[in-house]
Amino acid sequence: MKSPSFILIVTLLVALPAAGQQHSQIDRARVAEEVKTEFLHAWNAYKQYAWGYDGLKPLSKVGYNWYDVPLYITALDAYDTMMLMGLHEEADSVRRFILHNLNFDQDIYVKNFEITIRLLGGLISSYQLSGDKRFLDLAEDLGTRLFPVFNSPTGIPYVDVNLRTGATRNPRTNPGEVGTLIIEFGALSKLTGRPEFYNAAKNAITQVFRRRSSIGLVGTWMDANTGEWLDPDSHLSACIDSYYEYMIKGWLLFGDPDLKAMWDSSIVPIKTYLADETPTGLWFGHANMFTGERTKTWFGALDAFFPGTLVLAGDVPTAARLQESCFIMWNRHGIEPEDFDYRAMEAARPRYFLNPEIMESTYYLYQATRDPHYLSMGKAIFDSLKAYCRVEAGYCELKSVVTKEQSDRMESYFLAETLKYLYLLFAPPETVDLRTTVFNTEAHPIRKTW
Ligand code: DMJ
């Protein structure tokens, strides 16, 4: 079998003939600076109104915490974006703050998935980008405290764990939360020499894969104690999405052929039962995991990660076709909804949470093709983000992309992912070397140093 980096290099190089088209109308350096300015606008608002809290409410201009004590989620999520943008002074003050204040010895139940992708991933990338070993020490402490989640009868992790006592709760979980741990726990394993982290996370994704239906699909909800499916709805959206993303990314980062085999096996039923060829293009909708019967013609903001994953898997043509659909979805209301009925061409769930997936896929497609079309697409997306979500104190979410009514939250991933991918789209391609770096699902870049 060819190595993952060989395949990725070929995927990226095959596209190079298109590099001659680089002279687009868009001044990449200028737009990259504009994105950086918007990052500072959002970050400075967080600093002014919510410093020390997990997140910012940009309309009421106050901070909020996820739990009884802050875990500084926005600051840690934003740190590596600052490093990549060259905002070193700012990053250094965040580094000192985190290292001085972040303490995981807290009697609180946290959500394993969210804390893994945002904080564990953030600590590992922060360690790799800064070289400050104290980040890795924090990551190991956090990974050790989260680790009891894997102690279920099936090896499928529980949803919540108490950081101080290690007590776990909530067996109702989903493939996304179970299968999106191997990048972070796997990297921690390699960097600390503790194989149990890799093994538990790999077992978790394997347990979901083993429970795929006879036609090869997985459902939305499952029970960690029994391994039984609680909801047979199959799709690429929330609760499943990054389960597939981590098969490919895990293979690229660790070269584990079992993960690639899971992807190779999963992409066939995805293309058979979820793919939907319509007069407006290629979409991926919902189907029953056991029968393959179409249940909904919905595709949404979260599903827009899939073109990026297809690029990493080497399928640029399908990625490019799907990306056009994502852009149709974006343009229908001027900004994308949480869910879009692609047959009716209407928002099915009209909220927008400042999600990054469409930017992420635009970035990967530009890296793979160097086609300036993706620069124009990214610029249009950036412009409407500014038009509808920019407020005096940062950026806000929308209650409805139809009415553009705003809502009072700026999620940490806006600084970790949304603005990072937009920046990287326009920044010099060598800012991140995709042959040696894999972004976790929160866009924290993890470098293969082992
Ligand atoms: C992020 O926390 C991650 O990208 C996750 O995989 C999905 N949801 C948000 C962004 O939309």
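Residues numbered from 1 in each chain as written. Predicted model: local features only at pLDDT ≥ 70, side-chain atom pairs only at ≥ 80, totals over all residues. Heavy atoms only, no water.

Enquirer: Quick question: what am I supposed to make of the site of the ligand here?
Expert: All residues in the neighbourhood of the ligand are listed as Ile117, Arg118, Leu302, Asn355, Pro356, Glu357, Tyr413, Glu417, Thr441 and Glu442. Measuring from an oxygen atom of the ligand, one finds a side-chain N or O atom of threonine 441 at 2.7 Å. Alone, the ligand offers 290 Å² of accessible surface; in the complex the protein occludes 89% of this. Mapped by element, the contributors of at least two residues to the shell around the ligand are α5 (112–130) and α16 (413–426). A breakdown of the residues in the shell around the ligand according to their chemical character gives four nonpolar, two polar and four charged. (Near = heavy atom within 4 Å. Polar contact = N/O pair within 3.5 Å; in protein donor to acceptor, adjacent residues only side chain to side chain. Areas by Shrake-Rupley, 256 points an atom, 1.4 Å probe, with all protein chains shown as cover. Helix = DSSP H or I, 4+ residues; strand = E, 2+ residues; numbered from the N terminus. Nonpolar A, V, L, I, M, F, W, Y, C, P; charged D, E, K, R; others polar.)

Enquirer: Any chance you could explain the packing of aromatic side chains here in plain terms?
Expert: We describe a pair of aromatic rings using the distance from one ring centre to the other and the angle between the two ring planes. By the definition in use, this model includes 27 aromatic pairs. On the basis of an interplanar angle of 80° and a centroid distance of 5.0 Å, the ring pair of tyrosine 72 and phenylalanine 97 is categorised as edge-to-face. One end of the pair, tyrosine 72, is in the loop between β2 (62–64) and α3 (73–85); the other, phenylalanine 97, is in helix α4 (residues 88–101), and 25 residues separate them in sequence. Summarising the burial analysis for this pair, tyrosine 72 and phenylalanine 97 share the class buried. Taking the centre distance of 6.4 Å and the plane angle of 50° together, the rings of tyrosine 364 and tyrosine 421 count as tilted. Of this pair, tyrosine 364 sits in helix α14 (residues 357–369) while tyrosine 421 sits in helix α16, placing them 57 residues apart in sequence. Pair check on accessibility: tyrosine 364 and tyrosine 421 agree, each one buried. Taken together, the ring pairs connect Trp43, Tyr46, Trp51, Tyr72 and Phe97 into an aromatic cluster. (Phe/Tyr/Trp six-rings, centres within 6.5 Å; stacked < 30°, edge-to-face > 60°. Buried < 20%, exposed > 50% of the residue type's maximum accessible area, 1.4 Å probe, protein only.)

Enquirer: Even after reading the chapter, I still don't get the packing of helix α2 (residues 28–50) against α3, so can you show me in this structure?
Expert: Two numbers describe how α2 lies on α3: the axes approach to 12 Å, and their chain directions differ by 150°. With respect to α3, the element α2 is oriented roughly antiparallel. The handedness of the crossing between α2 and α3 comes out as left-handed. Facing α2, whose interface residues are Val35, Lys36, Phe39, Trp43 and Tyr46, α3 presents Thr74, Ala75, Ala78, Thr81, Met82 and Met85. Residue composition of the contact of α2 with α3, grouped by class: eight nonpolar, two polar and one charged. (Axes fitted to C-alpha atoms, helices over the stretch in contact; angles between N-to-C directions. Parallel < 35°, antiparallel > 145°, perpendicular 65-115°, else oblique. Left-handed = near helix turned anticlockwise from the far one by under 90°. Contact = heavy atoms within 4.5 Å.)

Enquirer: Looking at this structure, I do not really get unusual backbone geometry. What am I missing?
Expert: The general pattern is negative phi for most residues beyond glycine and trans for most peptide bonds. With a phi angle near 60°, leucine 354 is a residue other than glycine that sits in the positive phi range. Mapped onto the fold, leucine 354 is located in the loop between β16 (346–349) and α14. Non-glycine residue arginine 370 carries a positive phi angle of around 55°. Here arginine 370 shows up in the loop between α14 and α15 (373–389).

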